[in-house]
Amino acid sequence: MSNYFNTLPLREQLNQLGVCDFMDSAEFLDGVNVLKGKKLVIVGCGAQGLNQGLNLRDSGLDVSYTLRAAAIEGKRDSWKNATDNNFTVGTYEELIPTADVVINLTPDKQHTAVVTAIMPLMKKGATLLYSHGFNIVEEGMQIRKDITVIMVAPKCPGSEVRAEYVRGFGVPTLIAVHPENDPEGKGLAQAKAYCVGTGGHRAGVLKSSFVAEVKSDLMGEQTILCGLLQTGSILSFDKMVEKGIDAGYASKLVQYGVEVITEALKHGGVTGMMDRLSNPAKIKAFEISEELKNIMRPLFQKHQDDIMSGEFSSTMMADWAAGDKNLLAWRAATGETAFEKTPAGDVKIAEQEYFDNYTLMVAFVRAGVELAFETMVQAGIKPESAYYESLHETPLIANTIARKKLFEMNRVISDTAEYGCYLFDQACKPLLADFMTKVDTDLVGKNFNEGKDGGVDNRTLIAINEALRTHEVEVIGTKLRKAMTAMKSIKTA
Amino acid sequence: MSQPVVHIANLNLKYQQKPVLQDLNWTINRYENWLLCGTSGSGKTSLAKAIAGVDHSYGNIKIEFNAQSNLPATVYYVANWFQFKDLEGQSNFYYQQRYNKQSTETTATVKAELESFGKKNALQFNEVDSILAALGFSELKHSTLIQLSSGEHKKLQLVKAIWLKPQLLILDLPYNGLDTLSRQNLNTLLEEISEAGTQLILISNDEELPSCLNRFAVIKEGQLVEISADERTGNEFDTLDQAVPAFLAEATVASSSAEIIKMIDVNVSYGDKRVLKNINWEVKAGEKWVLQGHNGSGKSTLLSLICGDHPQAYANNFHLFGNKRGSGESIWEIKERIGLISPELHWYFDPSATVFQSIMSGFYDSSGLFCDPGYSKKIQTDELVSYFGLDEYKNTLMNELPLGKQRLALLARTIVKNPELLILDEPCQGLDQQQTKHFNRLVDGLCKNGTTLIYVGHFESQLPACIEKRILLENGAVKSVENILENVENEASIENVENFEY
Ligand SMILES: NC(=O)c1ccc[n+]([C@@H]2O[C@H](COP(=O)([O-])OP(=O)(O)OC[C@H]3O[C@@H](n4cnc5c(N)ncnc54)[C@H](OP(=O)(O)O)[C@@H]3O)[C@@H](O)[C@H]2O)c1
């Protein structure tokens, strides 16, 4: 097996990277009909497996689960998840041969082993569905030619996929058909129907490709989503302690601040987040985020280059082969940072205080979101895809930090994301060393507005507002968010 | 008489920018137990929270604790609404999540919760068991918090309050969702702790109250007005006397099937715990049912099966609207025919939607509105907004309204599509008596057109008149199914139900 993307001629590489079509809701009028009466068998019953399955069944589809024999015999959690919810569970041999659609929702690292085991059991003309394209694109998994290969990738954690469905909505979703495996031309219709079954069609669906999904997903998670949030959190905490701010307060500000700050992204994008600051703080945050962008741009570019060339995945797969030696060592090291080991203090921090006392993080987030987006677009990824993998997911990841700090974030994200996150973090900290020596507590730990009169130069402010609002991530974001929360735009007067 | 216990001088309070309390004065002396009643939205909850210092403390509220007393010198407030948190201190659970089993438990058990509460407040552990028993909570000790229904969460709060015996206890609508026996027992417990020295402020519009209450008041135009014991009835809200909006009254409701519900030996269990046992129940089109039973008897599980919210529906022999459940229908096709209100639905409803959007979302059975419903649906929604007296709040966000008003909006949402099956699970929680009466009259009006009704309510006097049949659950099984004779005196039937239940 070799990297699928690297086997393609340049023209085709660009072609696949550029697949990006924000689908009209009229494309989903056929509902789940294409899959009605078909047998859907999900492999794995973890976060995505269980919740996608619950939704599909509630949409009137026939869903069952297959698990490896050990999980069934050992009555492991995935077995319990499925049986407690009254799903049929069987071994590969029992269920795969009956399946019209096999949905592979096992961890990415296991995909080659799992697909190799189930493929011979799949009936002729069946469909294999993924929620992430790593196996096909980076590992170059070859699928039997009679099998249709599609992807339906919800851009949210599994529990969110369920929560949004039961409230009558859904989460934004990417769908794709693998051009090498669409023998009957039914791939797209099935992917659309599956997407309706999970509720994704109500929140905005992007027609993408396996290639575009993987290259943008890897880039986003390594840089802004996990990498920069980790680096920014650790540096901020260390700075506060160095400057004599109470460690409990610092720990709390960092742990929850990143969630509060990025929550503003959900509703109003980078502009909305920056608008939470006072005018002087906004100008300062803008200036330092420009500086941060300049410092970090080469690093973002290196990550994108390594992802495109396959360098990243081959390095990581070498670590898989070595029993995750690096991954485990880096994970342990993250568990030992001072931030991780200092419990959040028992202090009350009001919502606005998280902005006023943590201007530095606002600057980090703006710099990271814009850089990740710009770098992806320069590499041939379309703005819509780049938006989902940068700005859209940032608050979702920040939420995991609020729960239990970085250790929790790295536990929840995939091993692939975790590996990339550590790579980024290790390279980024030295890059920012000089910058950090200039940072004082007005940017992190204390209210930026304290002792300032609030006056600003009007023209500077107008220029900054303009620059923020017209950035391409904002332009595309406004359009996509409208689709996600159609309710917000409805005129009720 | 010594120092007053609570002394409030010229308190001004705003709720979401609007003044609710204006120069309010109130003195509570030792040995006094107050009832605070009156219309929803009058400021009862704001006042209670201010005294308890929930969000802020106020300089013009002075509380003098009794230094001689051995009861904790504290004000304890039991909110009418309670959000529990998981082990990580988060509280973002979602609607009906408790029915979706995911093995990794992230919330504490009731027992662990009580242990940590007891430890924190240095309480006697042998005292809690009798309180649990009195409120019918003993069986739930090993449940995790997420498994509890909203009524059960409320009870847990009450258990803690009574166990704690604070010097001042404020209870905000404590009877909501409690069954008859628990209400009686709660009153006895309150009388006991009042005897032991706890002073009460009780917010309620209910009729059966603990006998230790000795002062009564309402909030009128932002001020506290003392009333006599028998003056306490609700008022206002006459808008509901208007005719039912034409779009609801005229259309007869077409039933898609002569048989709305048919359950054959339906069972639901969680692990070894059987929650529903061999339920057999048929509901025919146009029938008006009341569903009753003690807290924990399985009512909400039964209803969640009907509403497409429970995964175990797929493992049972059970027909809805003429189709076997799990034969290829989607839950949205089921929900389309049902108008549902329940404490659970209210609890998890999207608080960031406006009143207008919330009502309109009833057309789509979603929590919050996600698409543009078009002109005629907006007109119909407008009619209901007026009908429920909500004009002034039309564009207000739900979370900026007091619970009673939120409830009215959700009731409008329930009926906006004039569904063929109405499921009203304690629809009038948080409303005053007058509002309840009005709403039930509306239900009677709607049901004339062929609507099928399932109504959950603990008190006979608070049921709509159109009810003809009763199903009674006890410990997960059907205890009885019976026709309710027409023209039975209210009195008689209250007794009847109490005999029945226990
Ligand atoms: N998490 C997200 O937010 C997210 C979002 C979009 C897409 N995805 C994608 O969804 C897929 C599943 O991710 P997830 O987060 O749901 O994974 P997960 O929670 O870790 O669940 C994995 C499931 O696969 C089973 N499994 C593990 N190793 C296996 C093996 N060797 N053979 C067979 N089954 C095995 C596990 O069961 P046992 O160990 O009990 O056997 C478990 O049921 C991945 O492709 C991921 O990229 C995830």
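The structure presented is a predicted model; accordingly, all values stated were derived computationally and were not measured. (Residues numbered from 1 in each chain as written. Chains lettered and ligands numbered in written order. Predicted model: local features only at pLDDT ≥ 70, side-chain atom pairs only at ≥ 80, totals over all residues. Heavy atoms only, no water.)

Let's talk about the pattern of salt bridges
- Counting across every chain of the model gives 50 salt bridges over all chains.
- For A:E351, the salt bridge goes to A:R276, with nearest N and O atoms at 2.8 Å. Here the residue A:E351 occupies a position in helix α17 (residues 351–356), and A:R276 occupies one in the loop between α12 (247–274) and α13 (279–309), the gap between them amounting to 75 residues.
- Residue class for A:E351 comes out partly exposed when judged on its relative accessible area of 44%.
- You can call A:R276 partly exposed: its relative accessible area is 26%.
- B:R337 is paired through a salt bridge with B:E420; the nearest N and O atoms lie 3.9 Å apart. With B:R337 in the loop between α8 (331–335) and β15 (338–341) and B:E420 in the loop between α12 (403–415) and β16 (421–425), this pair connects stretches of sequence that are 83 residues apart.
- Classification of B:R337 as partly exposed rests on a relative accessible area of 28%.
- In this structure, a network of salt bridges that share partners links the residues A:E290, A:K293, A:R297, A:R366, A:E370 and A:E374. (Salt bridge = Lys/Arg side-chain N within 4 Å of Asp/Glu carboxyl O. Helix = DSSP H or I, 4+ residues; strand = E, 2+ residues; numbered from the N terminus. Buried < 20%, exposed > 50% of the residue type's maximum accessible area, 1.4 Å probe, protein only.)

Let's talk about the sheet that holds strand β14 (residues 323–324) of chain B
All names here are of chain B.
- Here 4 strands make up an open sheet; going across it, the order is β11-β10-β13-β14 and the pairing antiparallel. The outermost strands of the open sheet, each flanked by one partner alone, are β11 (273–284) and β14.
- When strand β13 (residues 317–320) meets β14, the two strands line up antiparallel, connected through 2 bridges. Residue pairing across strands places H319 opposite K324, the latter belonging to β14. (Pairing = 2+ DSSP bridges.)

Focus: the site of the ligand
Residue and element names in this part refer to chain A.
- Not every one of the 22 residues close to the ligand is listed here, only the nearest: C45, A47, Q48, S78 and D108.
- At 2.4 Å from an oxygen atom of the ligand is found a side-chain nitrogen or oxygen belonging to S78.
- Alone, the ligand offers 900 Å² of accessible surface; in the complex the protein occludes 77% of this.
- For the shell around the ligand, the secondary structure elements donating two or more residues are α3 (47–58) and α7 (111–118).
- Of the residues that constitute the shell around the ligand, the class distribution is 10 nonpolar, 9 polar and 3 charged. (Near = heavy atom within 4 Å. Polar contact = N/O pair within 3.5 Å; in protein donor to acceptor, adjacent residues only side chain to side chain. Areas by Shrake-Rupley, 256 points an atom, 1.4 Å probe, with all protein chains shown as cover. Nonpolar A, V, L, I, M, F, W, Y, C, P; charged D, E, K, R; others polar.)

Considering the confidence of the model for chain B
Residues and elements named next belong to chain B.
- With 88% of its residues at a pLDDT of at least 70, chain B reaches an overall mean of 83.
- Note that residues 86–90 has pLDDT below 50 and, in this model, 13 contacts with residues that lie over four places away or in other chains.
- At the level of chain-chain contacts, confidence expressed as ipTM amounts to 0.83, with global pTM at 0.86. (pLDDT = per-residue confidence, 0-100. Contact = heavy atoms within 4.5 Å.)

Observations concerning the domain arrangement of chain A
All names here are of chain A.
- Taken domain by domain, chain A consists of domain 1 (21–207) and domain 2 (212–482).
- Using C-alpha coordinates to define each centre, domain 1 is positioned 32 Å away from domain 2.
- Between domain 1 and domain 2, the residue contacts involve 20 residues of the former and 24 residues of the latter.
- A combined buried area of about 1,800 Å² lies between domain 1 and domain 2, and 66% of that area is made up of carbon and sulfur atoms.
- In this assembly, domain 1 and domain 2 are joined by 6 salt bridges.
- Ionic pairing is found between K155 and D217, a salt bridge with its closest N-O pair at 3.5 Å.
- Connecting domain 1 to domain 2 are 8 residue pairs in polar contact (both at pLDDT 80 or more).
- At the level of elements, α8 (134–137) and β7 (148–154) are the ones that each hand at least two residues to the side of domain 1 that touches domain 2. (Domains from an automatic or database assignment. Buried area = accessible area lost by both parts, 1.4 Å probe.)

Considering the packing of aromatic side chains
- In this structure the tally under the stated criterion is 18 aromatic pairs over all chains.
- Taking 6.2 Å as the distance between ring centres and 70° as the angle between the ring planes, the aromatic pair formed by B:Y76 and B:F117 counts as edge-to-face. Pair noted here: B:Y76 is in strand β5 (residues 75–78) and B:F117 is in helix α2 (residues 110–120), with a separation of 41 residues, a long-range link. Of the two residues, B:Y76 and B:F117, neither departs from the other in class, the shared state being buried.
- Plain terms: the ring middles of B:Y387 and B:F388 are 5.5 Å apart, the flat faces sit at 85° to each other, and that makes the pair edge-to-face.
- Note on B:F388: relative accessible area 1%, which makes it buried.
- One residue, A:R202, lies across the ring of B:W332, its end atom 5.1 Å from the ring centre. (Phe/Tyr/Trp six-rings, centres within 6.5 Å; stacked < 30°, edge-to-face > 60°. Lys NZ or Arg CZ within 6 Å of the ring centre and 35° of its normal.)

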